[in-house]
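Chain by chain, the residues run as shown.
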Amino acid sequence: MPKKSIRPFLPFGDQQTAPWYGKAILSVKQFNRNDLEYIIGVAHEMRVMVERVGTFDLLKGKILANLFYEPSTRTSSSFMAAMQRLGGAVIPISEVRYSSVAKGESLPDTVRTLGCYADVIVIRHPEIGSAALAAKHAGKPVINAGDGAGEHPTQALLDMFTIREELGRLDNLTVTMLGDLKYGRTVHSLSRLLTQFDGIKLNYVSPDILRMPKDVMDEVAAKGVAQAQSPTLDGVLPKTDVLYVTRVQQERFEDPAVYSKVKSAYIITPEVMAPAKEKMIVMHPLPRVAEISMAFDPDPRAAYFRQMEYGLYVRMALLAMVLGKA
Ligand code: ASP
């Protein structure tokens, strides 16, 4: 009798030809307008599915390693929720002091290890370029969840999705970024991302020492996007469609006295918002410290809590894409 051939497990049917299959997501510079429209479409489908059925098995059998070297509430829990809503499982490593990192293990070795157990790795790390380094060694797709003051591409994508869902368009918008534009990685990523759309005008309002870095402004200028810097909101606010408020990033200041001087430079209150348009939105990547008064929260233009929810759908879309299911 010929030996019966033993069939191994079939692969789970990943579409290896899917455009984002196996790719790392490190910077918003990777995306062109078509990619962005595609992500918006998939995220929208995810929203519909979550609203309809809550959880479904698109990523059943897949494992996410969620590796956070810096504090996080929204990014880390929304990636975990995204994976679980798609039927997958998560290895959460948020307290790196309890992992071998505390024994001096290098980032390449840590991600190599996780690459043996997981299908995708999400990483947040205090150093610029750390996600790219991780992607070189992981052997699995890596998603940058914030590399120091560098980039935060998934936040920028969810910011973009928020603007589209809330205002119905991404072209012909005046976007005003306010606060710590020097260390705030979310505004670095968002300003770059918005260069993909037409008729964008960017206003940067910050204290002198927290201005948008020159390299980011040069990149944006090279794409032909209009930018203006200002020390106050006066004159800028009435024309603004999106006011993007940021926290002053205490953890990135070397001198606490300098932080104290600028920490409360701008505070959004109902009175400050009086000259703003009726149809506009206020966004914030959160956490807020004191930049937006709670008295403004009930205003329909306060989009920052809805923005968190949009993050879930975008992160579901990205996980499905890099795992070959979208
Ligand atoms: N949550 C955002 C980030 O991780 C913004 C912040 O921390 O202020 O960059």
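Each remark here, short or long, concerns the structure printed above.
Residues numbered from 1 in each chain as written. Predicted model: local features only at pLDDT ≥ 70, side-chain atom pairs only at ≥ 80, totals over all residues. Heavy atoms only, no water.

Undergrad: Pulling in residues and values, what's your account of the overall build of the protein?
TA: Secondary structure summary: the protein contains nine helices and nine strands in total. Relative to its length of 326 residues, the protein is compact, with a C-alpha radius of gyration of 21 Å against a globular reference of 20 Å. In terms of overall dimensions, the protein has a C-alpha envelope of 85 × 45 × 40 Å along the principal axes. The buried share among the 326 residues of the protein stands at 54%. Within the protein, contacts between residues separated by at least 24 positions form 74% of all contacts whose residues are at least 6 apart in sequence. Carbon together with sulfur atoms contributes 55% to the accessible area of the protein, which is approximately 15000 Å² in total. Computing the positive centroid from 39 side-chain charges and the negative centroid from 35, the protein places the two 6 Å apart. (Helix = DSSP H or I, 4+ residues; strand = E, 2+ residues; numbered from the N terminus. Rg over C-alpha atoms; globule rule 2.2 N^0.38 Å. Buried < 20%, exposed > 50% of the residue type's maximum accessible area, 1.4 Å probe, protein only. Contact = heavy atoms within 4.5 Å. Areas by Shrake-Rupley, 256 points an atom, 1.4 Å probe, with all protein chains shown as cover. Lys, Arg positive; Asp, Glu negative; His and termini not counted. Charge placed at Lys NZ, Arg CZ, Asp CG, Glu CD.)

Undergrad: I'd love a proper account of the nonpolar core, names of residues and values included.
TA: Counting residues in each nonpolar core, the largest one holds 67 residues, and the members touching the most others are Met46, Leu157, Met177, Leu202, Tyr313, Met316 and Leu319. If you tally residues by element for this core, the top one is helix H9 (residues 304-322), at eleven residues. Setting aside its immediate chain neighbours within four residues, Leu157 contacts Phe31, Leu36, Ile39, Leu193, Val314 and Leu318. Ranked by size, the runner-up nonpolar core spans 17 residues in total, among them Leu178, Leu237, Ala276 and Val282. (Core = buried A, V, L, I, M, F, W, Y, C linked by side-chain atoms within 4.5 Å.)

Undergrad: Run through the site of the ligand, naming residues and quoting values.
TA: Close to the ligand lie Arg124, His152, Arg185, Thr186, Arg247, Gln249, Pro285, Leu286 and Pro287, which account for all nearby residues. Side-chain polar atom of Gln249 to an oxygen atom of the ligand: 3.0 Å apart, as the coordinates give it. Under a 2 Å grid-point criterion requiring more than half of the atoms, the pocket assigned to the ligand is the largest pocket. Within the shell around the ligand, the residues separate by chemical class into three nonpolar, three polar and three charged. (Near = heavy atom within 4 Å. Polar contact = N/O pair within 3.5 Å; in protein donor to acceptor, adjacent residues only side chain to side chain. 1 Å grid on protein atoms, 1.4 Å probe; cavity = no way out; pocket = protein on both sides within 12 Å on 5 of 7 lines; lining within 4 Å. Sits in = over half its atoms within 2 Å of the grid points. Nonpolar A, V, L, I, M, F, W, Y, C, P; charged D, E, K, R; others polar.)

Undergrad: So what's going on with the layout of surface pockets? Residues and values would help.
TA: Counted as a void, the largest pocket has a volume near 540 Å³. As for the largest pocket, its lining consists of 28 residues, and the residues nearest its centre are Arg124, Arg185, Pro285, Leu286 and Pro287. Mapped onto the lining of the largest pocket, the elements with two or more residues apiece are helix H2 (74-85), helix H5 (153-167), helix H6 (185-194) and H9. In terms of residue count, the dominant contributor to the lining of the largest pocket is H9 (five residues). Of the residues contributing to the lining of the largest pocket, the split by class is eight nonpolar, twelve polar and eight charged. (Points joined across faces, edges and corners; volume = space filled by probe spheres on them.)

Undergrad: Can you tell me about empty space enclosed by the protein, naming the residues and giving the values?
TA: Applying the stated rule across the entire model yields one cavity of 30 Å³ or more. Computed from the structure, the largest cavity encloses a volume of approximately 60 Å³. For the largest cavity, the full set of lining residues is Leu178, Gly179, Val245, Thr246, Val248, Val262, Lys263, Ser264, Ala265, Tyr266 and Glu291.

Undergrad: Tell me what's going on with the pairing of strand E1 (residues 63-68), and back it up with residues and numbers.
TA: The element E1 is extensively covered by neighbouring structure, given that five of its six residues are classed as buried. Taking the sense of rotation as the criterion, the β-α-β connection linking E1, H2 and strand E2 (residues 89-93) turns out right-handed. Here five bridges tie E1 to strand E3 (residues 120-125), and the two strands are oriented parallel to one another. Each residue of the ladder has a partner; that of Leu67, found in E3, is Ile123. (Right-handed = clockwise from strand over helix to strand, strands pointing away. Pairing = 2+ DSSP bridges.)

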